[in-house]
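If you want the building blocks of each chain, they are given just below.
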Amino acid sequence: MKITNLTNLPDPVVKALSKDNYSRGESQISVTTLIDCPRIRLLREEHDDEISEDVSEKLWSVLGTAVHNIFEETAEGEYISEERIFFDLNGWTVSGAIDIQKKEPDGSITIMDYKCTSVWSVIFGKEEWVEQLNAYAYLVRKAKDVSVGKLQIVAILRDWKKRDSQTKPDYPQSPIVIVDIPKWTETQQDNYFEQRVALHQEGEFAALMGDELPQCSNKERWMRDAKFAVKKKTNKRAIKLFNNKEDADAFFLKEGLGSDCEVEERVGDPIRCSQNYCRVADFCTQYQRELGNG
């Protein structure tokens, strides 16, 4: 990947932000990659020399790494820090580096993961957190033969505001909070892990044969749901938005709106499928077809 410096940052800052010591060890894939879409992974690998990223965009990931390193240095006693676990499945070695494993008195393990994130991530939750930590639980159970009791996110909130914590009822009360993550059954964990490995292996085979790569799902594309807007025909802004046309039509009739108003369908759009979020959009046939370019 080519690193740019569009904001003309000083050289020491550029070097610090460009440093990357990450390694997945002797494995074909890591958990964080496993839970993401194979199309993006494979296109990144194929077009790595053509993709560019500005160094300023690396700030938050570097800060997250710095927080991990600080917390890692102080783990001791019943806490195991940054252990990378490996497990072989269907000819692939999958690895996952778990931030913290806490040994509980009953012999089980509590898995914790540090996240430098936004307040909204804690308020609304993130499905990928559930998937990632349950994948870690699978690795611990299979590779170490240890039961996992609880899954938790240690969320460091980079945009936390004390005033909002005093005035908003659902707002986190501290800039660091513990978020309990739902633990799937062992069968659910097994099925998910096996399906993800199979999907990525199918992608590898398709790439090798020159075939179409597996499509990114609506969830992976961060698909925004369609909305139905009751609005004046001359205005862009809606009077009210609805999730389905029936509710929008009912509101239209109830309010006695006239011919100068309408119910407009606003088609859902995949937020991630753009050059703002996806580094491989220019090389993605799925995205290009939607633009009418293929």
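Before reading further, recall that the structure is shown in the block above.
The text that follows walks through the structure, step by step, so that each part is easy to find.

**Let's talk about the packing of aromatic side chains**
Following the criterion strictly, the structure yields 7 aromatic pairs and no others. A centroid spacing of 5.8 Å and a plane angle of 85° characterise the contact between F87 and Y138, whose relative ring orientation is edge-to-face. Of this pair, F87 sits in strand 4 (residues 79–89) while Y138 is found in helix 6 (residues 127–144), placing the two residues 51 residues apart along the sequence. By the ring-pair criterion, three or more aromatic residues cluster together here, those being F87, Y138 and F193. We note R158 situated over the ring of W60; from NZ or CZ to the ring centre the distance is 4.8 Å.

**Focus on helix 8 (residues 186–209)**
The first and last C-alpha atoms of helix 8 sit 35 Å apart over 24 residues, in line with the 34 Å expected at 1.5 Å per residue. Taken as a whole, helix 8 has its buried residues at Q189, D190, Y192, F193, R196, V197, H200, G203 and A206. Of the surrounding elements, those touching the buried residues of helix 8 are strand 2 (29–30), helix 2 (31–34), helix 3 (38–46), strand 4, strand 5 (92–103) and helix 6. Directly beyond the C-terminal end of helix 8, a positive phi value near 75° is found at G210.

**Comments concerning empty space enclosed by the protein**
Within this structure, the stated rule accounts for 1 cavity of 30 Å³ or more. When its volume is computed, the largest cavity comes out at roughly 100 Å³. Along the walls of the largest cavity sit 14 residues, with I40, C216, C273, C278 and C284 positioned nearest its centre. Contributions of two or more residues to the lining of the largest cavity are made by helix 3 and helix 10 (285–290). At 3 residues, the largest contribution of residues to the lining of the largest cavity is made by helix 3.

**Let's talk about the sheet that holds strand 9 (residues 227–232)**
Strand order in the open sheet made by the 3 strands is 10-9-11, with antiparallel pairing throughout. Edge positions in the sheet fall to strand 10 (240–242) and strand 11 (261–266), since each of these pairs with one other strand and no more. With strand direction ignored, the average angle separating the axes of adjacent strands in the sheet is 25°. By the bridge criterion, 6 bridges tie strand 9 to strand 11 in an arrangement that is antiparallel. Across the sheet, the residue bridging to K231 is E262, located in strand 11.

Conventions and cut-offs
Residues numbered from 1 in each chain as written. Predicted model: local features only at pLDDT ≥ 70, side-chain atom pairs only at ≥ 80, totals over all residues. Heavy atoms only, no water. Phe/Tyr/Trp six-rings, centres within 6.5 Å; stacked < 30°, edge-to-face > 60°. Helix = DSSP H or I, 4+ residues; strand = E, 2+ residues; numbered from the N terminus. Lys NZ or Arg CZ within 6 Å of the ring centre and 35° of its normal. Expected span 1.5 Å × (residues − 1). Buried < 20%, exposed > 50% of the residue type's maximum accessible area, 1.4 Å probe, protein only. Contact = heavy atoms within 4.5 Å. 1 Å grid on protein atoms, 1.4 Å probe; cavity = no way out; pocket = protein on both sides within 12 Å on 5 of 7 lines; lining within 4 Å. Points joined across faces, edges and corners; volume = space filled by probe spheres on them. Pairing = 2+ DSSP bridges. Axes fitted to C-alpha atoms, helices over the stretch in contact; angles between N-to-C directions.

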